[in-house]
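Architecture and fold: a report
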2 protein chains.
Amino acid sequence: MDRSAEFGRWKAQSLSKADLSRKGSVDEDAVEVVELLNSREEFFTTSSCAGRILLLDGSTEGSGVQKQHCCWLLVTHKPCARDDVMAALKGATSEAVLKFEPFILHVQCRTLQDAQTLHSVAIDSGFRNSGITVGKRGKTMLAVRSTHGLEVPLTHKGKLMVTEEYIEFLLTIANQKMEENKRRIGRFYNYLQHALKRETISNSHSKIKERNNPLCTHKNRRSQGKAQGPSTTEDNGRELEDGDGLEISAALFLGDD
Amino acid sequence: MDRSAEFGRWKAQSLSKADLSRKGSVDEDAVEVVELLNSREEFFTTSSCAGRILLLDGSTEGSGVQKQHCCWLLVTHKPCARDDVMAALKGATSEAVLKFEPFILHVQCRTLQDAQTLHSVAIDSGFRNSGITVGKRGKTMLAVRSTHGLEVPLTHKGKLMVTEEYIEFLLTIANQKMEENKRRIGRFYNYLQHALKRETISNSHSKIKERNNPLCTHKNRRSQGKAQGPSTTEDNGRELEDGDGLEISAALFLGDD
């Protein structure tokens, strides 16, 4: 089976399966992005979370790679109030931690080139920890990830280690991060639309050229497509300690949210 | 210039440049890994941080992709005591945040296949947020990243929002994370050694086979190499919400730290 047909089969299989997440559906703030990607033949999403505030209770002991046993005292994809957290904290028996986890999205891509396009969009939208994975059977995934988190220990052996005033202060910050996270998702959606539009235009241009010149190879078509998206990043050579190491094929996107 | 020669030129250029990090040298706990990678013709490192506890002071306002202006009140790559943090906090004038930032490493790889090998090692060692970047001129980078952080707001407009007792509690956790981070670096080093040894053996095996059968292509050689590292991961189909989306070419590594 050729690569493209195999990808189509994977996509159909994946999208027909039940949503096995705790929530059982795509988060509201991620729906637009997920639907846009799944409407394109070169992508499908395999998991997503729009961003959430989490209160976990569990042991921090142990040193394995695996997550330690823990239970969820509270999860919300909306801004969160002090009273909700104070009520949830009553259930804490060991080490409760408040986390803000930003948008995360996993997208299977038909080709490495498709993953590169999506990776550029992710980085330019502020999701600097995004990266590509190439699997053993050639499956190519992009993980869209942010550096934009929060992880704050609140209880020790069930005892609250901070004041209610601190919880309020902390939630102001967590809620701000949630707002900023939403803006980034919006930016990602806009940049993605522009990038896909540009890809479509350059693909149809090169198909016309190909008809006129049947010797034009697939590789040529790619480089023609690329020429339409001038790069805005420079190669900075050796990175600074704080650099993110991403010298990518960033492209100029028009417009923003 | 062929791909391999071009990579060699990049490597020589990169390694001859001055270290532009604040510290000006590779962190002690990362030296072994960095030296092992740089001793191999298929890799070179472009930046690294072994893991650190940071106290930053700065505004959390603004919503850009860029980091806001902030200053470093304290940085240490060693376990940290309460008095050091309390002293450093005296310099806080706005929003001070204590962070634990785990090991991070950027490695330029000669081929995508080399990046895949290194990616497997990273994931298997517990660095689950690792990912590949393919640049516009074909530069292939692996970023080794962990999920294993901590980010705790401590002051508001310069005023300390928590007790000294909480700072002590927090540093116990940060120091534990630093220890666990060190163990993961050790595991990464061991897994890397095994993976590189296996690559070397399978490459020399296939070179012998190639001499006997000159029609053996580069692609065949790769799949022969792969056959020597049996996979331990299964394709789990649609991921759970919490899954990391990495269906990679994980291989069985012998031994651990």
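Residues numbered from 1 in each chain as written. Chains lettered and ligands numbered in written order. Predicted model: local features only at pLDDT ≥ 70, side-chain atom pairs only at ≥ 80, totals over all residues. Heavy atoms only, no water.

**Structural notes on the overall build of chain A**
Which entries qualify depends on this criterion: To qualify as a helix, a DSSP run of H or I must reach at least 4 residues; to qualify as a strand, a run of E must reach at least 2; elements of each kind are numbered from the N terminus. Classification of residues uses two cut-offs on accessible area relative to the type maximum, computed with a 1.4 Å probe and protein chains only: under 20% is buried, over 50% is exposed, and between them is partly exposed. We call two residues in contact whenever any of their non-hydrogen atoms come within 4.5 Å of each other. The protein chains shown are the only cover counted for residues, whose accessible areas, like all others here, come from Shrake-Rupley with a 1.4 Å probe.
A count of helical and extended segments in chain A gives six helices and eight strands. Secondary structure elements in chain A, listed N-terminal to C-terminal, are α-α-β-β-α-β-α-β-β-β-β-β-α-α. The buried share of chain A, taken over its 257 residues, is 51%. A separation threshold of at least 6 residues defines the contact pool for chain A, and within that pool the share at least 24 residues apart is 70%. Of the roughly 12,000 Å² of accessible surface on chain A, a fraction of 52% belongs to carbon and sulfur atoms.

**Comments concerning the confidence of the model for chain A**
This is how it is decided: You can read pLDDT as the predictor saying how much it trusts each residue, on a scale of 0 to 100.
Per-chain confidence: chain A averages 80 in pLDDT, with 75% of residues scoring 70 or above. Long-range and interchain partners of residues 214-257 of chain A, a stretch whose pLDDT sits below 50, account for 106 contacts in this model, where long-range means more than four residues apart.

**A closer look at the pattern of salt bridges**
The following threshold applies: A carboxyl oxygen of Asp or Glu within 4 Å of a side-chain nitrogen of Lys or Arg is what we treat as a salt bridge.
Tallied over the entire structure, the rule returns 25 salt bridges over all chains. A salt bridge links E180 of chain A to R187 of chain A, with the shortest nitrogen-to-oxygen separation between them at 4.0 Å. What makes R187 of chain A buried here is its relative accessible area of 7%. Note that K78 of chain B and E28 of chain B form a salt bridge whose closest N and O atoms lie 3.7 Å from each other. Placement of K78 of chain B in the loop between β2 (70-76) and α3 (82-89) and of E28 of chain B in the loop between α1 (3-16) and α2 (31-38) is noted, with a sequence separation of 50 residues between them. One salt-bridge network, held together by shared partners, links E180, R183, R184 and R187 of chain A.

**Details of the side chain of K177 of chain B**
Following the sequence through the fold, K177 of chain B ends up in helix α5 (residues 164-212). Judged by relative accessible area, which is 13%, K177 of chain B ranks as buried. Ignoring sequence-local partners within four residues, the contact set of K177 of chain B consists of E151 of chain A together with F100, H148, G149 and L150 of chain B.

**Comments concerning the packing of aromatic side chains**
We apply this condition: Two rings belonging to Phe, Tyr or Trp (six-membered ring only in the last case) form a pair when the distance between their centres is within 6.5 Å. Interplanar angles under 30 degrees mark stacking, angles over 60 mark edge-to-face geometry, and anything in between is tilted. Charge-over-ring placement is defined geometrically: NZ (Lys) or CZ (Arg) within 6 Å of the ring centre, and within 35 degrees of the ring normal.
The final tally for this structure, using the stated rule, is eleven aromatic pairs over all chains. Ring centres of Y166 of chain A and Y166 of chain B lie 6.2 Å apart, and the angle between their planes is 45°; this geometry places the pair in the tilted category. Placement of Y166 of chain A in helix α5 (residues 164-212) and of Y166 of chain B in helix α5 is noted, with the two residues assigned to different chains. Members of the aromatic cluster, joined through ring pairs, are Y166 and F169 of chain A together with Y166 and F169 of chain B. Sitting over the face of the ring of W10 of chain A, K139 of chain A holds its NZ or CZ atom 5.1 Å from the ring centroid.

**Topic: the environment of L89 of chain B**
All names here are of chain B. Within the secondary structure, L89 is located in helix α3. Note on L89: relative accessible area 7%, which makes it buried. Sequence-wise, L89 and L73 are 16 residues apart; in three dimensions their C-alpha atoms are separated by 7.2 Å. Beyond its immediate sequence surroundings of up to four residues, L89 is in contact with L55, A96, L154, T155, L160 and I167.

**Topic: helix α4 (residues 112-124) of chain B**
Residues and elements named next belong to chain B. The line we're drawing: In this analysis, the expected span of each helix is defined as 1.5 Å times one less than the number of residues it contains.
Taking 1.5 Å as the rise per residue, α4 with 13 residues should run 18 Å; its terminal C-alpha atoms sit 18 Å apart, in good agreement. Extensive coverage of α4 is indicated by the burial of eleven of its 13 residues. Within α4 the residues assigned to the buried category are Q113, D114, A115, Q116, T117, L118, H119, S120, V121, A122 and I123.

**Some words on the nonpolar core**
Here is the rule: As used in this record, nonpolar core signifies buried Ala, Val, Leu, Ile, Met, Phe, Trp, Tyr and Cys residues forming a set joined through side-chain atoms within 4.5 Å.
Of all hydrophobic cores here, the largest spans 54 residues; its most connected members are F188 of chain A together with F188 of chain B. Each residue touching F188 of chain A, except ones within four places of it in the same chain, is listed here: V33, F103, L105, L118, V121, A122, S125, F127 and V144 of chain A. Counting 50 residues, the second-largest nonpolar core is a separate cluster that includes L74, V85, M161 and A174 of chain A.

**Some words on unusual backbone geometry**
All names here are of chain A. Within the chain, K157 stands out as a residue other than glycine whose phi angle is a positive 50°. Relative to the helices and strands, K157 resides in the loop between β7 (155-156) and β8 (159-160). In this structure K157 comes out as exposed when scored by relative accessible area, which is 67%.

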